[in-house]
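A structural walkthrough
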Amino acid sequence: MNDMVRECADVNHELIDRPIDRILDGQPTSDGAGVRLTRYIGSQLLSELDPFLLLDFFESDNPDDYIAGFPSHPHRGFETVTYLLAGKMRHGDSAGHSGVIEAGGIQWMTAGRGIIHSEMPEQENGRLAGFQLWVNLPSQKKLCEPAYHEYHKEEIPVESRLSGAEVRVIAGMTSEGTKGPVSDVVTSPLYLDIDLPANTGFEEATPQGHSCFVFVIDGALEVLDCDSRETVGARQLAVFGVGSRVRMNAGATGARLLLVCAQALHEPVARYGPFVMNTREEIEQAVEDFNSGQF
Ligand code: FE
């Protein structure tokens, strides 16, 4: 066995490293009532990463950038996931769900057949930072009952690995058996917030058929696969290719990153603003239902 084979697969040759397909800087934009953010998925550079439809990163200590928030707006056909790194956000929706999350907290909202919600900063100054991810629903679940789950930092387990890596498990289960509070999501997502000390390695099995990305919050990473290593810097998104394991090393300054994976749906996507369906006709129906007050 040569070194290349050893690096490509584990001892049983069961896990294949995922290469990096592409590394992206986000596109600065604004959304809601004028919130400044950087879009990584759902932009001209990367329109979708099945089943992920959108990934926004927002970060500012200037209230003018975020104070207008995201007043009432509808959604149908997918799930919106907000994870905060700093600050506070309040959620309220037409199904009667509401809550406030703070740094380290997650809101997982299933819009299903339709919901009207608002997402507003619960602060007038200070730093607000976090992510919004849109996860698609398969056709047979697009019109499901809306649902809402909210978990605070204290409810999210932290897995401490021998290497020194600290892994906050928000959704899914790690290969070491730590299970996040977000469960029963149809696309079986894995959503991890990982702290790596300087020069520390991290690897995780990821099911084939799932799409995976890593977002570097701070520091830098080297992503490893059979015959290459690629550096991913802070505020960059790296999209993984086909395989069954991700493998990376933090650089000399360490790294904090999100690792997110979920089952690809391989269905047609018809998308119009806050509605994501399979066909043009279903989008027209969504607009009609919203306009006639059926959300
Ligand atoms: Fe929304």
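Use the structure listed above.
These notes cover the structure that comes with them. (Residues numbered from 1 in each chain as written. Predicted model: local features only at pLDDT ≥ 70, side-chain atom pairs only at ≥ 80, totals over all residues. Heavy atoms only, no water.)

1. A look at the coordination of the iron ion
Four donors placed tetrahedrally around a metal ideally meet at 109.5 degrees, and six donors placed octahedrally ideally meet at 90 or 180 degrees. Ligation of the iron ion by protein atoms is provided by His-73 (NE2), His-75 (NE2), His-117 (NE2) and Glu-119 (OE), these donors lying 2.0 to 2.6 Å from the ion. For the iron ion, the four donor atoms in the first shell make angles of 82 to 177° at the metal, a pattern classed as irregular. Expressed as a motif, the donor residue spacing for the iron ion is H-x1-H-x41-H-x1-E. Here the residue His-73 occupies a position in strand E5 (residues 70-75), and His-117 occupies one in strand E10 (residues 115-121), the gap between them amounting to 44 residues. Each of the two residues, His-73 as well as His-117, counts as buried. (Donors = N, O, S within 2.8 Å, 3.2 Å for Na, K, Ca; no water. Tetrahedral: all angles 85-135°; square planar, octahedral: opposite > 155°, others 65-115°. Helix = DSSP H or I, 4+ residues; strand = E, 2+ residues; numbered from the N terminus. Buried < 20%, exposed > 50% of the residue type's maximum accessible area, 1.4 Å probe, protein only.)

2. What about the sheet that holds strand E8 (residues 98-102)?
Pairing within the open sheet is antiparallel, and its four strands lie in the order E5-E10-E7-E8. Strands at the two margins of the open sheet, each flanked by one partner only, are E5 and E8. Taking the axes of each pair of neighbouring strands and ignoring which way they run, one obtains an average angle of 20° across the sheet. Bridging between E5 and E10 involves four bridges; their strand directions are antiparallel. Within E10, the position partnered with His-73 by the bridge is His-117. (Pairing = 2+ DSSP bridges. Axes fitted to C-alpha atoms, helices over the stretch in contact; angles between N-to-C directions.)

3. Observations concerning the sheet that holds strand E9 (residues 106-110)
The seven strands are arranged E2-E3-E4-E11-E6-E9-E12 in an open sheet whose pairing can be described as antiparallel. Of all strands in the sheet, those with a lone pairing partner are strand E2 (27-31) and strand E12 (147-151), marking the two edges. Each adjacent strand pair in this sheet contributes to an overall mean axis angle of 20°, direction not counted. In this structure, E9 lies alongside E12, joined through five bridges in antiparallel fashion. Paired with Trp-108 across the two strands is His-149, which belongs to E12.

4. Overview of the state of the cysteines
Tallying each qualifying case throughout the model produces one disulfide. A sulfur-sulfur separation of 2.3 Å characterises the disulfide bridge that pairs Cys-212 with Cys-261. Across the disulfide from Cys-212 to Cys-261, rotation about the S-S bond amounts to roughly 110°, and the bridge is consequently right-handed. Of the two residues, Cys-212 is situated in strand E17 (residues 210-225) and Cys-261 in strand E20 (residues 245-263); the sequence distance between them amounts to 49 residues. Looking at Cys-261, the relative accessible area reads 1%, which means it is buried. (Disulfide = S-S within 2.5 Å.)

5. Comments concerning the pairing of E8
Burial along E8 is one-sided: Gly-99 and Ile-101 are buried, and none of Ser-98, Val-100 and Glu-102, which face the opposite way, are. Note that strand E7 (residues 88-93) and E8 share five bridges and pair antiparallel. Opposite Lys-88, over in E8, you have Glu-102 as the bridge partner. Between the end of E7 and the start of E8, which pair antiparallel, lie four residues, with Gly-96 showing a positive phi angle near 95°.

6. Re unusual backbone geometry
Residue Pro-51 is bonded to the preceding Asp-50 through a cis peptide linkage, with omega at 10°. By the secondary structure assignment, Pro-51 is in the loop between strand E3 (35-41) and strand E4 (52-60). Positioned with a positive phi, Arg-235 is a non-glycine residue whose angle comes to about 65°. With respect to the secondary-structure elements, Arg-235 resides in the loop between strand E18 (228-233) and strand E19 (236-240). Non-glycine residue His-266 carries a positive phi angle of around 55°. Tracing the chain through its elements places His-266 in the loop between E20 and strand E21 (270-272).

7. A word on the pairing of E19
Counting buried residues along E19, five of its five residues qualify, which places the element largely inside the surrounding structure. Looking at chain direction, strand E1 (residues 20-25) and E19 are connected through five bridges and run antiparallel. Residue Leu-24 lies in a different strand from E19, and its bridge partner there is Leu-237. As judged from the three bridges shared by E17 and E19, these two strands associate in the antiparallel manner. For Phe-213, the partnering residue across the bridge sits in E19 and is Val-239.

8. Quick look at the packing of aromatic side chains
In total, this model carries ten aromatic pairs according to the counting rule given. When the ring of Phe-52 is compared with that of Phe-213, the centres are 5.2 Å apart and the planes differ by 80°; the resulting orientation is edge-to-face. Separated by 161 residues along the polypeptide, Phe-52 in strand E4 and Phe-213 in strand E17 bring together distant segments of the chain. The pair Phe-52 / Phe-213 is uniform in exposure class, with both members buried. Aromatic side chains Phe-275 and Phe-290 sit 6.3 Å apart centroid to centroid with 55° between the ring planes, which places their arrangement in the tilted category. (Phe/Tyr/Trp six-rings, centres within 6.5 Å; stacked < 30°, edge-to-face > 60°.)

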